[in-house]
Amino acid sequence: MPEQRPPKKAPLNPKRTPIRENDPMERRGAFVEALIPYTREEAILEAQRCIQCGKPWCMDECPIHQDARGYIKLMAAEDFDGARDLILRDNPLASCLGDVCYHYCEAVCPITKRGEAIAIRHLKQAAMMYADPAKPYAPVVPTNGMKVAVIGGGPAGLMNAWILGQRGYDVTVFESSDRLGGLMTGTIPAYRLTDETFQEDMARFANLPVHFVFHAQFPKELSLDDLQLEFDAVFVSIGTHKSRGLGIPGEDLDGVYAALNYLKESKRGERRSIRPRVVVIGGGDVAMDSARSAFRHGAQEVTILYRRSREEMPADDQEVKEAMDEGVTFQFLVAPVRFLGTKRLEGIELQPMELGPPDESGRRRPIPAKTPPVTMACDAAILAVSQEAEIDLLPKDLEVKLAKDGTLQADPQTGATKRPGVYAGGGASVVHAMAAGKRAALAMDAYMLAKKNAAA
Ligand SMILES: Cc1cc2nc3c(=O)[nH]c(=O)nc-3n(C[C@H](O)[C@H](O)[C@H](O)COP(=O)(O)OP(=O)(O)OC[C@H]3O[C@@H](n4cnc5c(N)ncnc54)[C@H](O)[C@@H]3O)c2cc1C
Ligand code: SF4
């Protein structure tokens, strides 16, 4: 008999199936989605580029260990229902992440050595879009008699509630505002994430023993001591809602805005316009969203001012590209010295900078150049420097700290605070916040079971 040879592997295709975009100059006039999702056929083609690595680099890199290799394989075989179910096994916010995840998985995909990484985030989006909606993933869960309180209904709190709800805990999420989703739904502009997409994800909580209480402000309406009397464990996930200022003269002038407030007002439909010449201070994604929103509110010129160079800018490359395509201009190596004007903002004084040796973040530290400050005329300034958690709300005995990224930091492995039964966490991206919620949920589950067994 002739020897049977294994089928030949298809040659590696280094080129990504293109992702189409709406015309930048047309889209910057409205809050419509900037990127056009893959069609079903494009998604299959892209999934077929995956080489199904022996070691799942993409899954290992994902903070919630989403099995990207597994769902991409199913999509390559045109099984979108199977792919969707596999995604939802680990991820209740999959539709949102299909739109806004920073796709850390793509950075480690080995295909980058020969070309472009698999478009994992766009494939997740396609799996969620093209799976049969008549066959939704719908766990129905009996309760186990134990109760959990989650303070804050952002991605960390929702992930925590979803995992513990699936394990039968009766979970109540206390949210200070009138909506869920935290900064993700409250600030990310609708051209990147719509409310409808979030509602698709929230529908998956319907069969779980998870309840939501709105306008519940911790600790004003909810003291931790009272919660601990009623609930077996508590997870504190209040996000990073305190904007850090620059601490320079003129910050209180009319026309100077904190980015979080500006974006929250915009997302709630309370802000529809801005003055013509806008500067945005910062180099992260919040700065990109502020700058792009300003055009959509009618600005004529939008300039991002950043104190380091393009190489050190932390914003996602795709967000920077989309901002540049829409006409946002960038001035690098400038630091604000003061805002100018009497009552109303009229301009900004900027110190030219140069790069010195690296700082503790590994990026080269900006230091003032030997050239004098320059002034720039502007009518509105949006400060997108950074934000942090309102840590003073937490009782001191929890011994929770602020991490470098401004999030709450308790035990890094479990989210446990120094008070038994109280956990805390959050993250500087949606998926990192979800990972914090997951870590705490697993530890809370173990804690509550141990307590129950000890009492039995
Ligand atoms: C403009 C902008 C764009 C972003 N873009 C992206 C992106 O593209 N991709 C990405 O991955 N990440 C992005 N992020 C980051 C991401 O949104 C956050 O990392 C994530 O939402 C953090 O989740 P969290 O649950 O820790 O906190 P939050 O999302 O802040 O949720 C905390 C919740 O707690 C509530 N709360 C606060 N204080 C109290 C209190 N005292 N009592 C009761 N409830 C309270 C809040 O109302 C909120 O609902 C962006 C952030 C911003 C600001
Ligand atoms: S790392 Fe890239 S090529 Fe490897 S399994 Fe994941 S998506 Fe496929």
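Calculation notes
Residues numbered from 1 in each chain as written. Chains lettered and ligands numbered in written order. Predicted model: local features only at pLDDT ≥ 70, side-chain atom pairs only at ≥ 80, totals over all residues. Helix = DSSP H or I, 4+ residues; strand = E, 2+ residues; numbered from the N terminus. Rg over C-alpha atoms; globule rule 2.2 N^0.38 Å. Buried ≥ 20, exposed ≤ 12 C-beta atoms within 10 Å, placed from the backbone. Contact = placed C-beta atoms within 7 Å. Axes fitted to C-alpha atoms, helices over the stretch in contact; angles between N-to-C directions. Parallel < 35°, antiparallel > 145°, perpendicular 65-115°, else oblique. Left-handed = near helix turned anticlockwise from the far one by under 90°. Near = placed C-beta within 6 Å. Nonpolar A, V, L, I, M, F, W, Y, C, P; charged D, E, K, R; others polar. Domains from an automatic or database assignment. Pairing = 2+ DSSP bridges.

Our next topic: the overall build of the protein chain. Across its full length, the protein chain carries 16 helices and 18 strands. On C-alpha atoms alone, the protein chain measures out to a radius of gyration of 24 Å, which is about the 23 Å that the 2.2 N^0.38 rule sets for 456 residues. Across the 456 residues in the protein chain, those meeting the buried criterion constitute 43%. Restricting to contacts in the protein chain with at least 6 residues of sequence separation, those with at least 24 account for 70%.

The interhelical angle for the contact between helix α4 (residues 68-76) and helix α8 (residues 120-130), taken along N-to-C directions, is 60°, at an axis separation of 11 Å. Relative to α8, the element α4 lies oblique. Two packed elements cross with a definite hand, and for α4 against α8 that hand is left-handed. Of α8, the residues touching α4 (which contributes Ala-68, Tyr-71, Ile-72 and Met-75) are Ile-120, Leu-123 and Ala-127.

Its location among the elements puts Asp-379 in the loop between β13 (374-377) and β14 (380-383). Excluding residues within four positions of it along the chain, Asp-379 makes contact with Gly-255, Arg-275, Pro-276, Arg-277 and Leu-345.

Residues in close proximity to ligand 2 total 15 residues, the closest being Cys-50, Cys-53, Cys-58, Arg-69 and Cys-109. Elements supplying a minimum of two residues to the shell around ligand 2: α3 (57-61) and α4. Among the elements that make up the shell around ligand 2, the one with the highest residue count is α4 (3 residues). Residue composition of the shell around ligand 2, grouped by class: 13 nonpolar, 1 polar and 1 charged.

Segmenting the protein chain into domains produces domain 1 (24-130), domain 2 (147-241 + 389-455) and domain 3 (242-387). Averaged C-alpha coordinates put domain 2 and domain 3 at centres separated by 31 Å. Counting residues at the interface gives 9 residues for domain 2 and 11 residues for domain 3. Residue classes in the side of domain 2 that touches domain 3 are distributed as 3 nonpolar, 5 polar and 1 charged.

We now examine the environment of Tyr-71. Considering the arrangement of structural elements, one finds Tyr-71 in helix α4. Measuring from C-alpha to C-alpha, the distance between Tyr-71 and Ala-83 comes to 4.4 Å, with 12 residues separating the pair along the chain. Sequence-distant contacts of Tyr-71, that is, excluding residues within four places in its chain, are made with Ala-83, Leu-86, Ile-87 and Ala-127.

Secondary-structure assignment places Phe-205 in the loop between α11 (195-202) and β3 (210-213). Separated by 103 residues in sequence, Phe-205 and Tyr-102 place their C-alpha atoms 24 Å apart. Sequence-distant contacts of Phe-205, defined by excluding residues within four places in its chain, comprise Trp-162 and Val-210.

Right, let's talk about the sheet that holds strand β6 (residues 256-258) for a bit. Pairing within the open sheet is parallel, and its 5 strands lie in the order β6-β14-β7-β8-β9. Only two strands of the sheet have a single partner each, and these edge strands are β6 and β9 (329-332). When the angles between neighbouring strand axes are averaged without regard to direction, this sheet yields 20°. Of the pairings in the sheet, the one linking strand β7 (residues 277-281) to strand β8 (residues 301-306) comprises 5 bridges and is parallel in character. If you follow Val-278 over to β8, its bridge partner there is Val-302.

On to the site of ligand 1, then. Around ligand 1 sit 40 residues in total, of which Gly-152, Gly-154, Gly-182, Gly-239 and Gly-426 are the nearest. When contributions to the shell around ligand 1 are tallied by element, the ones reaching two or more residues are α9 (155-166), α10 (182-187), α13 (259-267), α14 (285-296) and α16 (430-455). No other element matches the 4 residues that α10 contributes to the shell around ligand 1. Along the lines of polarity and charge, the residues of the shell around ligand 1 split into 21 nonpolar, 16 polar and 3 charged.

The linkage connecting Phe-218 with the following residue, Pro-219, adopts the cis geometry, with an omega of 0°. Here His-65, not a glycine, exhibits a phi torsion of approximately 50°, which is positive. Within the fold, His-65 resides in the loop between α3 and α4. Phi at Leu-333 is positive, roughly 55°, even though this residue is not glycine. Note on placement: Leu-333 falls in the loop between β9 and β10 (334-340). Residue classification places Leu-333 among the partly exposed positions, given that 19 C-beta atoms sit within 10 Å.

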